[in-house]
Structures are given as C-alpha cells and as structure tokens.
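One letter stands for each residue in the lines below.
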Amino acid sequence: MNKTTAIVDIIYSIVRPVLSLLATVSYLMGYYWRQIIELLYMQFYNLRVIPPLRIDVIASIFLAGTYSNMLNSYRDSIDTDKINNIVKDYVNPVLKYNLSKEAVWSIAALSSILSMLIVAFTAPLVIPFIILGLLISTAYSYYPRLKSYAPLDIVANTLGLFIIPFIMGWTSHSRLENLPVPTITGFSLMASSFFTLTAMVDYESDYKNNITTIAVKLGLKNSAILCGVLHLAGLLFSIDFLKDHLHSLAYLLIDLLLYLDLIKNPTPMKALETIKKIIIVSVLYIVIMAIYFAWIAKLMSG
C-alpha cells in the first residue's frame, strides 16, 4: 500500500461515509420534498425553482458522522470488534491503526466542534438538529450505550439517521405541523427494518460480549421476521402516498421480498448479503427513475 492509498484508507475508516450518506439522503429528502412530489406528479414547470444544494449542511452532517463513528469505533474496539470477522463497509480505525484514546477523543471533539461552526453563520437553525444528533450518537455508542438496550438501539438509529435529518431538511421550507405524518411514519418504520437488519450482521460478536441489541434480544429468526413486519407496516402506513406512485411501491415490494427470503436462512452473512442487495436495488431504482424523468421532460419540452 503506497502512501496516498494509506492516507485515503485511514480517512475513509475514520469518517465511515456510509453512515453520513444515510443521514444526508434523509436530509435531502426533507429539503427537496416539494420538488420530489412535483417530480413524481410530472409537474416539471414548478421544478424551475430549485433550492440550492446546501454543501455547508452536508459537510456538517459528515463531520457529525465522523464524531459518531469515532465514538462507536473506540467503544467497539474494546469488545465486539476484537472478535468480529465479518467484512463490512469499513475496518475499525482504532484497531487497525492502533489509535490512542487521546487521538480518538481529539478527532471526535474536533469533528463535533467543526460540525457546528461550519453552519453557525450560514444556517444557524440547523445547529439544534446537529447537537441533537451528536447527543444521540453519544448515547448510542458510548454512554449509556443504547445499542445494548434493545429496542433503544433501533430507535436511536432511526432517530439519528432518518427522522432528525429529514425534519432538519423539512423545516428549511415548511412548518412542522405540515409534515406528512403517515408517510414519514411509514418511512421511519421501513428505516427501522433496515437498522434491525444491520444489527443482525453483528449478532455473533454482540452476543459473545453481552451486547443486547435487537438481534441478540430476539434471536436471528425473530429479528428477520421483525424486519419483514416493520417493512410491511411501513408500506401500509404510507400507502396513501405509494398508491399514487406505483413505481415506488414496486421498488419497496422488492425490498419486502428480500426480507422474506432472509427469514428462510437468518444468518449474519445472509443479513449482510441482504443489505448489499437492498443497496443495489435502491441505486438501480434511482438511476432508472432519473433516466425516465429526464426522457419525459425532454418529450414535454418538445
């Protein structure tokens, strides 16, 4: 490994961008909700006015995500990650690079401070959401380590990676009382299903270290069933929205089929494979829909 590759690798391990990407997608859903609805209803004329992409807010989310990852990596380096042999989206940087406690806390402190400073003058209304996210990250990963108190592990992940970022984006253009509660409740349940799935991946290491995640508390079979139940409940809660957008319903039904397939063989490796399949299906859906809407827009423009 050359020097450049090594630097990129350590930055990736410290930042763990997948976590921040989940929160960023949730934020962008809330931020561009009006435009998403107009796009789904083919109201291309209204799309001429699109809010500018808030790079400062996204950077703040990534810095907060770095804080979260460093705390989680440090705490997991003491127990679960020492015996976890499953290859995930990143390698624990504390173990891989033998980071000291001082180094971990320095990176975490700097990241958390910068996450607030970067939006202090450009988007101050975002700061309370960032602080709330930092507090949830601390409670989940470090103390009292909510990941050990199922179902609070799933509640914390759903709050920190979906609900709070979504509302942060939503409040940039609309009042909270105008929030489409049934639809967002449905999406939250489907997010909880996904986070239950991620808990299944770490089942063995968490079980051996008495970390009572939702997967450890229920067992792999029941956790797989819960994934399907939560996802189905999410579909039902958001059905008024989905019935007008059958392509979105079809995409989410494919995810449901993947959960049902997981029930047949609920192992950590199968859970990891299911996560990868859900990601692939999601990316394909977004690409196909982007191509479709671009084609429709071209036809309508003559």
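Note: the structure precedes this text.
Conventions and cut-offs
All chains use their own residue numbering, which begins from 1 and follows the written sequence. Local features in a predicted model are, by the rule used here, given only for residues with pLDDT of at least 70; side-chain atom pairs are given and counted only at 80 or more, and totals for whole chains, interfaces and linings are based on all residues. Only hydrogens and water are set aside when side-chain values are computed; all heavy atoms of the structure are taken into account. A run of DSSP states H or I qualifies as a helix once it reaches four residues; a run of E qualifies as a strand once it reaches two. Both are numbered from the N-terminal end. The size measure is the radius of gyration over C-alpha atoms, and the globule rule it meets is 2.2 Å times the number of residues to the 0.38 power. Two residues qualify as a contact provided that any one of their heavy atoms is within 4.5 Å of a heavy atom in the partner residue. With residues, only the protein chains shown are counted as cover, and all accessible areas are computed by Shrake-Rupley using a 1.4 Å probe. Think of it this way: Lys and Arg go in the positive column, Asp and Glu in the negative one, and His and the chain ends go nowhere. The atoms used to mark charge sites are NZ of Lys, CZ of Arg, CG of Asp and CD of Glu. Here, a salt bridge means any Lys or Arg side-chain nitrogen found within 4 Å of an Asp or Glu carboxyl oxygen. Buried, partly exposed and exposed residues are distinguished by accessible area as a fraction of the type maximum, computed with a 1.4 Å probe on protein chains only: under 20%, between the cut-offs, and over 50%, respectively. Put simply, a nonpolar core is a bunch of buried Ala, Val, Leu, Ile, Met, Phe, Trp, Tyr and Cys residues held in one set by side-chain atoms that sit within 4.5 Å of each other. Like charges within 9 Å and nonpolar side chains (Val, Leu, Ile, Met, Phe, Trp, Tyr) within 5 Å are joined into patches, using only residues over 30% in relative accessible area that form no salt bridge. Paired rings are identified among Phe, Tyr and Trp, the last through its six-membered ring, by centres lying within 6.5 Å, and are further divided according to the angle between planes into stacked (under 30 degrees), edge-to-face (over 60) and tilted (the rest). To estimate how far a helix should reach, multiply one less than its number of residues by 1.5 Å. Polar contact is defined as a pair of N or O atoms within 3.5 Å, subject to the rule that within protein one atom must be able to donate a hydrogen and the other to accept it, and that residues adjacent in sequence are counted only when both atoms are side-chain atoms. In this analysis, axes come from line fits to C-alpha atoms, helices being fitted only over the stretch in contact, and the angle between any two N-to-C directions falls in the range 0 to 180 degrees. Here is the rule for angles: anything less than 35 degrees is roughly parallel, anything more than 145 is roughly antiparallel, 65 through 115 is roughly perpendicular, and the remaining ranges are oblique. The sense of a crossing depends on the near helix, which, turned anticlockwise from the far helix by less than a right angle, makes the crossing left-handed and, turned clockwise, makes it right-handed. Residues are grouped as follows: Ala, Val, Leu, Ile, Met, Phe, Trp, Tyr, Cys and Pro are nonpolar; Asp, Glu, Lys and Arg are charged; every other residue, Gly included, is polar.

S.K.: Could you give an account of the overall build of the protein, naming the residues involved and the relevant values?
M.R.: A count of helical and extended segments in the protein gives 16 helices and zero strands. Computed over the C-alpha atoms, the radius of gyration of the protein is 20 Å, within 12% of the 19 Å expected from 2.2 N^0.38 for a compact globule of 302 residues. Summarising the internal contacts of the protein: among those between residues at least 6 apart in sequence, 72% fall at separations of at least 24. Total accessible area on the protein is roughly 15,500 Å²; 70% of this is exposed by carbon and sulfur atoms. Charge-centre separation for the protein: the mean point of 22 positive side chains lies 2 Å from the mean point of 18 negative side chains.

S.K.: Pulling in residues and values, what's your account of the pattern of salt bridges?
M.R.: Inspection of the entire model under this criterion finds 10 salt bridges. Ionic pairing is found between Arg16 and Asp89, a salt bridge with its closest N-O pair at 2.9 Å. Here Arg16, found in the loop between α1 (3–15) and α2 (17–31), pairs with Asp89, found in the loop between α5 (80–83) and α6 (93–96); they are 73 residues apart in sequence, far enough to count as distant. With a relative accessible area of 12%, Arg16 lands in the buried category. Close ionic contact of Asp79 with Arg75 constitutes a salt bridge, the shortest N to O distance being 3.4 Å.

S.K.: Which residues make up the nonpolar core, and what values do they have?
M.R.: One finds Val57, Leu197 and Met200 to be the most contacted residues of the largest nonpolar core, which totals 71 residues. Among the elements that take part in this core, helix α10 (residues 181–201) stands out by supplying 10 residues, more than any other. If we skip the residues at most four places from it in the chain, Met200 touches Ala215, Leu220, Ser223, Ala224, Cys227, Leu262, Pro266, Pro268 and Ala271. Membership of the second largest hydrophobic core comes to six residues, among which are Ala139, Tyr140, Ala156 and Ile164.

S.K.: Can you lay out a nonpolar patch on the surface for me, pointing to particular residues and giving the numbers?
M.R.: A surface patch of nonpolar side chains, amounting to about 370 Å² of accessible area, comprises Leu110, Ile113, Leu114 and Leu117. Within the secondary structure layout, Leu110 lies in helix α7 (residues 101–120).

S.K.: Help me get a handle on the environment of Ile58, residues and values and all.
M.R.: Examined against the element boundaries, Ile58 turns out to sit in helix α4 (residues 55–78). What makes Ile58 buried here is its relative accessible area of 15%. Separated by 224 residues in the primary sequence, Ile58 and Ser282 have C-alpha atoms spaced 21 Å apart. Other than its neighbours up to four places away in sequence, Ile58 contacts Thr24, Tyr27, Leu28 and Leu53.

S.K.: Summarise the packing of aromatic side chains; cite the residues concerned and give the values.
M.R.: Scanning all chains against the criterion turns up 15 aromatic pairs. Between the aromatic rings of Trp33 and Phe166, the centroid separation amounts to 5.6 Å while the plane-to-plane angle is 80 degrees, which identifies the pairing as edge-to-face. Taken together, the positions of Trp33 in helix α3 (residues 33–40) and Phe166 in helix α9 (residues 152–170) put the pair 133 residues apart, joining distant regions of the chain. Across this residue pair, the class does not change: Trp33 and Phe166 are buried. A centroid spacing of 6.0 Å and a plane angle of 70 degrees characterise the contact between Phe194 and Phe195, whose relative ring orientation is edge-to-face. Like Phe195, Phe194 is buried. Put simply, the rings of Trp33, Phe162, Phe166, Trp170, Phe187 and Phe241 pair up and form one aromatic cluster.

S.K.: Talk me through α10; I want residue IDs and the actual numbers.
M.R.: Taking 1.5 Å per residue as the helical rise, α10 with its 21 residues ought to reach 30 Å, and the 31 Å between its terminal C-alpha atoms agrees with that figure. With 16 of 21 residues buried, α10 is to be regarded as a mostly interior element.

S.K.: Please give an account of the side chain of Ser137 that cites residues and values.
M.R.: Assignment of secondary structure puts Ser137 in helix α8 (residues 127–141). A polar side-chain atom of Ser137 sits 3.4 Å from a polar atom in the side chain of Ser68. Once residues lying within four places of it in the same chain are set aside, the contact partners of Ser137 are Tyr67, Ser68 and Tyr142.

S.K.: So what's going on with the packing of helix α13 (residues 220–237) against helix α15 (residues 246–264)? Residues and values would help.
M.R.: Between α13 and α15, the shortest axis-to-axis distance is 8 Å and the interhelical angle comes to 165 degrees. Considered as vectors, α13 and α15 are oriented roughly antiparallel to each other. For the crossing formed where α13 meets α15, the hand is left-handed. Together, Lys221, Ala224, Ile225, Cys227, Gly228, His231, Leu232 and Leu235 of α13 and Leu249, Leu252, Leu253, Asp255, Leu256, Tyr259, Leu262 and Ile263 of α15 make up the contact between the two elements. By residue class, the composition of the contact of α13 with α15 is 12 nonpolar, two polar and two charged.

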